[in-house]
Amino acid sequence: MLPNLLPRRFRRARLPAILAGAALLAGACSSGATGGATTGGAGATPASSVIHIGSPLVGKAAPPLVGTTLDGAKFDLASLKGSPVLVNFWASWCGPCRDEFPELKAALSEHAADGLVVLGVLFKDDATPAKDFMAKQGAAWISLADPDGAGAAAYRVVAPPTTFFIGRDGIVRDVAVGGMTADQLTRHLGTILP
């Protein structure tokens, strides 16, 4: 039986918490394609499949993102300081990423007067299919290649889509893990927009 495999100090005090955590993670994995896990920020509101795991980046300066865009231009996230920024780690092969692209496009249009910037960062994807997908979607934002995964590592991204909401001061205010609905995106944007 499982409790006999654990050290005595875990048997009574921690086993229920361990099993509850495993059940939550199992539920999130089974609903990941339709859910939208969120982490951090005051604007995060739980939905039926949302798990709050807390991101160590919330409340801290956004890690640097320096690289080459899909169009071959040099880019540095530091150049966007003073603007509210949504950094979306995505891939053209990722279903939830594809599903949320229209929501990102709509948010960018709706909040243009607020100076919102959307920045995509490829996650384990090639530039050619990513560029093709962006063109088909009419996505007009910058997307960076991340061929060595350095950007994903700096932001502790383990799967796409993962989205970071960065305030005008360069501080990460909120993080969403998983595809977002329009309502979820609006709530997260509330952490960086007036």
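Everything discussed here concerns the structure shown above.
A quick note: this is a predicted structure, and the numbers were derived from the prediction, not measured. (Residues numbered from 1 in each chain as written. Predicted model: local features only at pLDDT ≥ 70, side-chain atom pairs only at ≥ 80, totals over all residues. Heavy atoms only, no water.)

Draft legend 1. Inspection of the environment of Leu 70 at higher detail. Tracing the chain through its elements places Leu 70 in the loop between strand S2 (66–68) and strand S3 (74–76). If we ignore the near neighbours within four places in the chain, the residues touching Leu 70 are Leu 122, Ala 127, Ala 130, Lys 131, Met 134, Ser 143, Leu 144 and Ala 145. (Helix = DSSP H or I, 4+ residues; strand = E, 2+ residues; numbered from the N terminus. Contact = heavy atoms within 4.5 Å.)

Draft legend 2. Spotlight on helix H4 (residues 95–110). When the terminal C-alpha atoms of H4 are compared, their 24 Å separation across 16 residues agrees well with the 22 Å that a helix rising 1.5 Å per residue should span. Along H4, the sharpest change in direction is near 35 degrees and occurs at Phe 101; proline Pro 102 comes one to four residues later. When we look at burial in H4, the residues that qualify are Cys 97, Glu 100, Phe 101, Leu 104 and Ala 107. The inward-facing, buried residues of H4 contact strand S4 (85–90), strand S5 (117–122), helix H5 (127–137), strand S7 (162–166) and helix H7 (182–189). (Expected span 1.5 Å × (residues − 1). Bend = angle between axes of the 7 residues up to and from the residue. Buried < 20%, exposed > 50% of the residue type's maximum accessible area, 1.4 Å probe, protein only.)

Draft legend 3. Fine view of the packing of H4 against H5. The contact between H4 and H5 brings their axes to 11 Å, and the two run at 50 degrees. Classed by the angle they form, the pair H4 and H5 counts as oblique. Between H4 and H5 lies a crossing of right-handed hand. In this structure, H4 uses Arg 98, Phe 101, Pro 102 and Lys 105 to contact H5, whose residues at the interface are Phe 133, Met 134 and Gln 137. Among the residues forming the contact of H4 with H5, the class breakdown is four nonpolar, one polar and two charged. (Axes fitted to C-alpha atoms, helices over the stretch in contact; angles between N-to-C directions. Parallel < 35°, antiparallel > 145°, perpendicular 65-115°, else oblique. Left-handed = near helix turned anticlockwise from the far one by under 90°. Nonpolar A, V, L, I, M, F, W, Y, C, P; charged D, E, K, R; others polar.)

Draft legend 4. Structural detail: the pairing of S4. When you tally the buried positions in S4, you get six out of six residues, the bulk of the element. The side-chain alternation of S4 yields two buried faces, one formed by Val 85, Val 87 and Phe 89 and the other by Leu 86, Asn 88 and Trp 90. Taken together, the six bridges between S4 and S5 define a ladder with parallel strand orientation. Counterpart to Val 87 in the pairing with S5 is Leu 119. (Pairing = 2+ DSSP bridges.)

Draft legend 5. Local environment of the pairing of S7. Counting buried residues along S7, five of its five residues qualify, which places the element largely inside the surrounding structure. Going residue by residue along S7, you find Thr 162, Phe 164 and Ile 166 tucked away on one face and Thr 163 and Phe 165 tucked away on the opposite face as well. Here S4 runs beside S7; their pairing, made up of five bridges, is antiparallel. Bridge pairing links Phe 89 to Thr 162 in S7. Pairing geometry for S7 and strand S8 (residues 172–177), over five bridges, is antiparallel. Bridge pairing links Phe 165 to Asp 174 in S8. The loop that links S7 with its antiparallel partner S8 comprises five residues; one of these, Gly 170, has a positive phi angle of about 85 degrees.

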